[in-house]
Amino acid sequence: MMAPWTSRVPLAVLLLVLLAARCTDGYKPVVIVHGILDGPKEFETLSTFIKKVHPGTEVHTISLYNNLESLKPLWMQVRDFKKAIKEIMNKSPKGVHLLCFSQGGVICRAVLSTSPNHNVHTFISLSSPLAGQYGDTDYLKKVLPNHAKKMVYIFCYNKMGQKMSMCSYWNDPHHRADYLRGNTFLPLINGEKPHKFMKEWRENFLRIKKMVLIGGPDDGVITPWQSSYYGFYDAREDVVEMRNQEFYKRDTFGLRTLDARGDVSVCVQSGVEHTHWHSNFTVFTNCIEKWLI
Ligand SMILES: *[C@@H]1O[C@H](CO)[C@@H](O)[C@H](O)[C@H]1NC(C)=O
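A brief report on the enclosed structure follows.

Scoring rules and cut-offs
- Residues numbered from 1 in each chain as written.
- Predicted model: local features only at pLDDT ≥ 70, side-chain atom pairs only at ≥ 80, totals over all residues.
- Heavy atoms only, no water.
- Helix = DSSP H or I, 4+ residues; strand = E, 2+ residues; numbered from the N terminus.
- Buried < 20%, exposed > 50% of the residue type's maximum accessible area, 1.4 Å probe, protein only.
- Contact = heavy atoms within 4.5 Å.
- Areas by Shrake-Rupley, 256 points an atom, 1.4 Å probe, with all protein chains shown as cover.
- Phe/Tyr/Trp six-rings, centres within 6.5 Å; stacked < 30°, edge-to-face > 60°.
- Lys NZ or Arg CZ within 6 Å of the ring centre and 35° of its normal.
- Axes fitted to C-alpha atoms, helices over the stretch in contact; angles between N-to-C directions.
- Parallel < 35°, antiparallel > 145°, perpendicular 65-115°, else oblique.
- Nonpolar A, V, L, I, M, F, W, Y, C, P; charged D, E, K, R; others polar.
- Disulfide = S-S within 2.5 Å.
- Core = buried A, V, L, I, M, F, W, Y, C linked by side-chain atoms within 4.5 Å.

Our focus in this paragraph is the overall build of the protein chain. The secondary structure content of the protein chain amounts to 12 helices and eight strands. The buried share of the protein chain, taken over its 293 residues, is 53%. Pairs at least 24 apart in sequence give 68% of the contacts found in the protein chain among residues at least 6 apart. With the model as given, the accessible surface of the protein chain reaches about 13,900 Å², and the carbon-plus-sulfur share is 58%.

Shown next, in the form of structure tokens:
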């Protein structure tokens, strides 16, 4: 007579195998969008982190506008990144996660607002100037030589200047009117300047299930660093926190709604320099890992 367990063991093993397969199968693909003056190469470590903790995850680091190409007009980049992201989404009926670094976060924000029917589940912004940038760090001096931050607005807020990616999120708190008039990117994306797609863009953006905002005080490039979670300078260069920003209070692009839903998660980490965010395993463990399911 056969002992009851001999027939049950294979069944149990089979079930475990099936379960494991289901779990691996369950991780949504992760789409990575790089930042200014970098490219997919800089994200190999991050990709390794993801596959190590969640084996079987598809990771797509989009190879577009790499390195110096990243300085090209931002709306043009948005158009092409949107196309690439859409192709991945179409092959992933269960949805994708979008993980975007620095300038890439600003690109992703525009992609989300201008993509009807997107299926991005979680949008992770890794040290991005989401509320703008006002600071001329060494890193940016490579791009804008001989310009002190006080003068950049003259260069940026016109048709020519807007052809350089960085000018599209340059936010000079001392020249608000010029920013609203001459910046044809960020004031529209954040709904600071009314436009006819406001309602549609807000609805598109709000299709995401979760937004994770990562940044920290030792970043050294994003200025003010609180811009990584929608804080920004007022005219006296004091930082006004996200919830006191006009675009938040007036819910111009969906931020207040998302926050009220409980779907904005902020993860502040100190001791991380700008170009180290994506390769720091502590940051990955503390701020990213749990959302990639
Ligand atoms: C990694 O991140 C942690 C905080 O999450 C920080 O304390 C540490 O200094 C970082 N290390 C590097 C090399 O950036």
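According to the stated counting rule, one finds 17 aromatic pairs in the structure shown. A centroid spacing of 5.8 Å and a plane angle of 50 degrees characterise the contact between Phe-205 and Phe-253, whose relative ring orientation is tilted. Of this pair, Phe-205 sits in helix H9 (residues 198-205) while Phe-253 sits in the loop between helix H10 (246-249) and helix H11 (255-260); the two residues are 48 residues apart in sequence, bridging distant segments of the chain. Relative accessible area serves as the criterion here: at 2%, Phe-253 is assigned to the buried category. When the ring of Phe-247 is compared with that of Phe-253, the centres are 5.8 Å apart and the planes differ by 55 degrees; the resulting orientation is tilted. One exposure class covers both Phe-247 and Phe-253, and it is buried. Aromatic ring contacts, followed pair by pair, group Trp-75, Phe-185, Phe-197 and Trp-201 into a single cluster. Between Arg-109 and the ring centre of Phe-205, over which it is positioned, the NZ or CZ distance is 4.4 Å.

On to the packing of helix H4 (residues 103-113) against H9, then. As a packed pair, H4 and H9 sit with axes 7 Å apart at the nearest point and diverge in direction by 110 degrees. The angle between H4 and H9 falls in the class roughly perpendicular. Residues Arg-109, Leu-112 and Ser-113 of H4 pack against Glu-200, Trp-201, Asn-204 and Phe-205 of H9. Grouping the amino acids of the contact of H4 with H9 by side-chain chemistry returns three nonpolar, two polar and two charged.

Our next topic: the state of the cysteines. Considering all chains together, one arrives at three disulfides under this definition. A disulfide bridge connects Cys-100 with Cys-108, and the sulfur atoms are separated by 2.1 Å. Looking down the S-S bond of the Cys-100 and Cys-108 bridge, the torsion is -90 degrees, so its handedness is left-handed. Comparing Cys-100 with Cys-108, the two get one shared label, buried. Between the sulfur atoms of Cys-156 and its disulfide partner Cys-167 the distance amounts to 2.1 Å. Taking the sign of the torsion about the S-S bond as the criterion, the disulfide between Cys-156 and Cys-167, at about -65 degrees, is left-handed.

Moving on to the nonpolar core. The biggest cluster of nonpolar side chains holds 57 residues, and the ones touching the most others in it are Ile-85, Leu-98, Met-211, Tyr-230 and Leu-255. A per-element tally of this core places helix H3 (residues 74-90) first, with seven residues. With sequence-adjacent residues up to four places away left out, Tyr-230 is seen in contact with Arg-109, Leu-130, Ala-131, Asn-190, Met-211, Leu-213, Glu-241, Met-242, Gln-245, Phe-247, Phe-253 and Leu-255. Counting residues in hydrophobic clusters, the runner-up holds 22 residues, among them Ile-50, Val-59, Trp-277 and Phe-284.

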